[in-house]
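The lines below spell out each chain.
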Amino acid sequence: ADNAAAENASSCASEQACKSSSPDGRSPPSQKSPNASALAEPYEFCVTPPSALPTYLPLGVASDAAGGVVAAVGSGAPSVANGAHAASEPRLLLANASRSPVGHGRTKSARSPPLSRPPSVSRGSNLSRSRPPSAPQSNSLSRVQSLQRIPAPNTNCRNSGAGTPDAKTRSPVGTPNRSGAATPIGIAQARQIMKLAQMQHGIDSKEALQAASQLALQLEEQQPSSEEAGTLLRRVLAGFETLYGSEHEETLKAVNNLAVFLDNSGDGEGAVELYHRAVAGRRRRLGSSNPHTLDSLYNLASFLVHSGDAAEAEEVFREAHAGCLSTFGANHHGTLDCLARLIDLLEARGACREASEFCRQLQQGQEATVGAHHPESVRTLASLASLLAAADEVNEETERVYRDALSRHEQQFGLDDPATLELTYNFACFLERFGKPAQAEALLKQGHAACEKAFGANSGVALGYIDDLAIHLEAAGRTAEAEEFFKRSLAGREQSLGPSHEDTLRSCSNLAVFLDHDGRGAEALQLYRQVLEARQTTLGASHPKMLESSYNLAVCLADQGLTEEAVANFVPLFKSLEEHLGPESEWVLACADKLGELLRETGKLESAEEMFRRVYASRARDAGADEAISREVADAAYNLAICLMQQGRSGEAEPLFRSCIIGYMRADSAHDPYTLDAVFNLATCIEDQGRLAEAELLYQATADGRRKSLGADDADTKHAESVLLSLRSSSQMAAVGKGKAAVSEEIRKLLKELGSVDAQSA
């Protein structure tokens, strides 16, 4: 009877204590072993569910002055954030990009459209056009959301951002007493219990080792990563291996505890080895669906998420979810936790359709356990809406889910909650995609009117709706109305927050971006300078928002033809971005691309080549075969080839031109203007090498393609025809003799893919 009571108390207390320590009110799928002894087992570390992990920022993410997450600046990379926290802060997004949904602080940016294409590159000194960088451009708009209030953290709610523990904290589960309640003990008491057990049973006895575990875990809870705790945990593991061997449950429990300790201490290599050992040992001894095995799987998967191994983490979470489903059922907190983790991982790799299916299961489970209007259920419903939209489910069902989520969100969190504002904007974007722009605008105006009435015209949430309306109208081409709203937003924040407040500066930056879009670069330049100067004073030179402002200013200077000043801004900015974001950051590559273009324009071709080579090497590193060439790789190859041609190095430029032609054809078509520009320049490159017959065929393919895509009267078409005629009438061409010179197999293949009428004769 004592054994049964202790076992039952242990199970109840274990789950209760883990729930109380978990920020989302759920524990991993932990239950006590059916073989629990009468002596209370030493408690075991359990991994904090990943909903408590902090946001892992993609490169190029801005943060506020206190270090909090503010803006994922066009990085395109998803971030795993915590609902209310992420939604409560402004995020910088590219204009017309997909909005990030409310549920997980996800960030999705559409590939930024190319800048307006300049005239086609022609021969000689005009071989100077560079492709626009695929990284974030200066023309980006941010939504400012000054908080009226921050919702109190809800410990029963997944994604509660406030008050979550540190990323690597593992929450130990307290030792149960006979009544089932956890009895907290201090370090001094745990140390006394260990000494007593050593005296009564021996230093290497089971009882002494269990007491040593208790002391180590108390030390870890109160003094994380202490040297004494590590020494004790290693001694416990060695002791149980000696007593019982490597496969005993006590040994595997010690393996798990030491793994978590090493994880907390930053020894990832040692931790992952022990996590794998715990999983393998418990699979063999207890089976794949045993609660202890599922605990170990959950620990391992959580570590893999934290260390960035998303593919293996997904595989392990799938196994853990299947085990929880068969062992505990669909509505158990462990099953639902694994589902939530899988949703995040699937969305991060773009599998939004499968993620939405899992999200439906999560929603059903949460509504069955905590109710449809629980904050957890409401946030999951909002996530479902965003996943359906991301999966291109633009239909009545997705609209219904959005409306339901918004209604529940307003009831649960209020109109002034930042996440409600974000969800409203997401819904408006969806309605516009669904062909209902009038409804989208009406939704934003309705939200603004309600918040203005409830909280005042210059309240943070009311001005947030003004931002949303301004961006919405700008995207719809209604520039006069959009300008009015941008200026209204700036005036409201200057009045309520002052001219130097960060939200005011973001409103000022938005207005500058709008003016830049509208072709009013001189006005935009003045505002860009104003924002940069203010941020230098308030944030410091190395702050991410300062780097963002420096980039905006430098690009605007370049666009205004102030090349020397632009270069003077880009050079230190490039070094600073590289230092703070790393050499492979999209911002660093965008800066290198633009700097290369400016250096080339000023005749510094060797320095320009260095920049272009850097971008191309980074873009092409993982591209592999021709079939994998993306538009980004093609752009980088094109820019480098142009720079090499200007230095008279046609032989080096030729394979780059061929590569970018293949990339453009795969990304667009054989008759896309970018493809035909590259074909024209390849012809120029080959002509410079004296291969006139091949050059003639390529010029002919360019003229034919432009005639089809642009029309016979287009200036680019006429230019290609003029160059072709000039080549055919030249004395060198007459000497070669039409059709008698050899045409390489690479050019034959290329002409065939282009659909050239002369491909067969070639």
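Not measured: the values here are computed from a predicted model.

Caption draft 1: Fine view of the overall build of the protein. Along its length, the protein carries 30 helices and six strands. Across the 762 residues of the protein, 57% fall into the buried class. As displayed, the protein has an accessible area near 29,700 Å², and 50% of this comes from carbon and sulfur atoms.

Caption draft 2: Structural view of unusual backbone geometry. Located in the positive-phi region is Ser225, a residue other than glycine, with phi close to 60 degrees. Looking at the element boundaries, Ser225 is found in the loop between helix H4 (206–222) and helix H5 (227–244). For Ser225, a relative accessible area of 31% puts it in the partly exposed group. Positive phi, normally seen in glycine, also occurs at Asp392, with a value near 65 degrees. Turning to its location among the elements, Asp392 is positioned in the loop between helix H12 (375–390) and helix H13 (396–413).

Caption draft 3: Expanded view of the nonpolar core. Ranked by internal contacts, the top residues of the largest apolar core, which has 180 residues, are Phe570 and Phe657. Considering each element in turn, this core owes the most residues, 11 residues, to helix H24 (residues 631–646).

Caption draft 4: Fine view of H12. Given a rise of 1.5 Å per residue, 16 residues ought to cover 22 Å, and the 23 Å separating the end C-alpha atoms of H12 matches this to within 8%. Most of H12 sits inside the fold, with 15 of its 16 residues counted as buried. Within two residues after H12, Asp392 carries a phi angle of roughly 65 degrees, on the positive side.

Caption draft 5: Here's a closer look at helix H18 (residues 502–517). A rise of 1.5 Å per residue sets the reference length of H18, with its 16 residues, at 22 Å; its end C-alpha atoms lie 22 Å apart and thus fit the reference within 8%. A large share of H18 lies buried, amounting to 15 of its 16 residues. Just past H18, the residue Gly519 takes up positive phi, approximately 80 degrees.

Caption draft 6: Expanded view of the packing of H18 against helix H19 (residues 521–538). At their nearest, the axes of H18 and H19 sit 8 Å apart, and the two run at 160 degrees to each other. Regarding the angle of H18 to H19, the classification is roughly antiparallel. Crossing of H18 against H19: the hand is left-handed. Of the residues in H19, those touching H18 at Glu502, Leu505, Arg506, Cys508, Ser509, Leu511, Ala512, Val513, Leu515 and Asp516 are Gly521, Glu523, Ala524, Leu527, Tyr528, Gln530, Val531, Ala534, Arg535 and Thr538. Grouping the constituent residues of the contact of H18 with H19 by class yields 11 nonpolar, four polar and five charged.

Caption draft 7: Examining the packing of aromatic side chains more closely. Under the criterion given, the structure shown has 12 aromatic pairs. Ring centres 5.7 Å apart and planes at 85 degrees place the aromatic pair Tyr298 and Phe317 in the edge-to-face group. Of the two residues, Tyr298 sits in helix H8 (residues 291–307) while Phe317 sits in helix H9 (residues 310–328), which places them 19 residues apart along the sequence. One exposure class covers both Tyr298 and Phe317, and it is buried.

Caption draft 8: The pattern of salt bridges, seen in detail. Tallied over the full model, the rule gives 51 salt bridges. One salt bridge connects Glu393 with Arg353, and the closest N-O pair in it is separated by 2.1 Å. Taken together, the positions of Glu393 in the loop between H12 and H13 and Arg353 in helix H11 (residues 352–369) put the pair 40 residues apart, joining distant regions of the chain. The partly exposed category is assigned to Glu393, whose relative accessible area is 24%. What makes Arg353 partly exposed here is its relative accessible area of 44%. Notably, a salt bridge pairs Glu452 with Arg488, separated by 3.6 Å at the nearest N-O pair.

Caption draft 9: Local environment of the environment of Arg666. Residue placement: Arg666 occurs in helix H25 (residues 650–667). Residue classification places Arg666 among the partly exposed residues on the basis of a relative accessible area of 42%. Spatially, the C-alpha atom of Arg666 lies 8.4 Å from that of Arg631, the residues being 35 residues apart in sequence.

Caption draft 10: Up close: the environment of Leu304. Here Leu304 is to be found in helix H8. As a C-alpha pair, Leu304 and Gly268 span 36 residues in sequence and 9.7 Å in three-dimensional space. Apart from residues no more than four positions distant in its own chain, Leu304 is found in contact with Asp309, Glu312, Ala313 and Val316.

Caption draft 11: Main features of the side chain of His543. Of note, His543 is situated in the loop between H19 and helix H20 (544–559). Exposure remark for His543: the relative accessible area of 10% places this residue in the buried category. At a separation of 3.1 Å, a polar atom in the side chain of His543 contacts the main-chain amide nitrogen of Lys545.

Caption draft 12: Main features of the packing of helix H14 (residues 418–433) against helix H16 (residues 460–475). Two numbers describe how H14 lies on H16: the axes approach to 10 Å, and their chain directions differ by 20 degrees. One way to sum up the angle between H14 and H16 is to call them roughly parallel. For the pair H14 and H16, the crossing hand works out as right-handed. Taking contact as the criterion, the partners of Thr420, Leu421, Thr424, Tyr425 and Glu432 in H14 are, on H16, Val461, Gly464, Tyr465, Asp468, Ile471 and His472. A class-by-class count of the residues in the contact of H14 with H16 yields five nonpolar, four polar and two charged.

Caption draft 13: Main features of the confidence of the model for the protein. Taken over all residues, the pLDDT of the protein has a mean of 75, while the share at 70 or more is 73%. Across residues 1–183, confidence stays below pLDDT 50; counting only partners more than four residues off in sequence or on other chains, it has 501 contacts.

Caption draft 14: Region of the structure containing the environment of Gln411. Mapped onto the elements, Gln411 comes out in helix H13. When the C-alpha atoms of Gln411 and His373 are compared, they prove to be 8.6 Å apart, with 38 residues separating the residues in sequence.

Criteria and thresholds
- Every chain's residues receive numbers from 1 upward, in the order its sequence appears when written.
- Under the rules for a predicted model, residues below a pLDDT of 70 receive no local features and side-chain atom pairs below 80 are neither given nor counted, while totals for whole chains, interfaces and linings still include all residues.
- Only heavy atoms go into the side-chain values, all of them from the structure, while hydrogens and water stay out.
- Strands are runs of DSSP state E lasting at least two residues, helices are runs of H or I lasting at least four, and both sets are numbered from the N terminus onward.
- The buried label goes to any residue with under 20% of its type's maximum accessible area, the exposed label to any with over 50%, and the partly exposed label to all in between, with areas taken from a 1.4 Å probe on protein chains only.
- Per-residue and other accessible areas were derived by the Shrake-Rupley procedure at a 1.4 Å probe size, with only the shown protein chains allowed to occlude residues.
- Buried Ala, Val, Leu, Ile, Met, Phe, Trp, Tyr and Cys residues that are joined via side-chain atoms within 4.5 Å together make up what is termed a nonpolar core.
- By this rule the span expected of a helix is its residue count minus one, scaled by 1.5 Å.
- With axes taken as lines fitted to C-alpha atoms, and helix axes fitted only over the stretch in contact, angles between N-to-C directions fall between 0 and 180 degrees.
- What sets the label is the angle itself: under 35 degrees gives roughly parallel, over 145 gives roughly antiparallel, 65 to 115 gives roughly perpendicular, and the rest give oblique.
- Rotating anticlockwise by less than a right angle from the far helix to the near helix defines a left-handed crossing, while the corresponding clockwise rotation defines a right-handed one.
- Any two residues whose heavy atoms approach within 4.5 Å are treated as being in contact.
- Each residue receives one of three labels: charged for Asp, Glu, Lys and Arg, nonpolar for Ala, Val, Leu, Ile, Met, Phe, Trp, Tyr, Cys and Pro, and polar for the others, Gly being one of them.
- Stacked, edge-to-face and tilted are the three classes for Phe, Tyr and Trp ring pairs, Trp counted by its six-membered ring, which pair at centre distances within 6.5 Å; planes under 30 degrees apart are stacked, over 60 edge-to-face, the rest tilted.
- Here, a salt bridge means any Lys or Arg side-chain nitrogen found within 4 Å of an Asp or Glu carboxyl oxygen.
- We call two N or O atoms a polar contact when they sit within 3.5 Å, provided that within protein one can donate a hydrogen and the other can accept it, with sequence-adjacent residues counted only if both atoms are side-chain atoms.
- Known as pLDDT, the predictor's confidence for each residue is given on a scale from 0 to 100.

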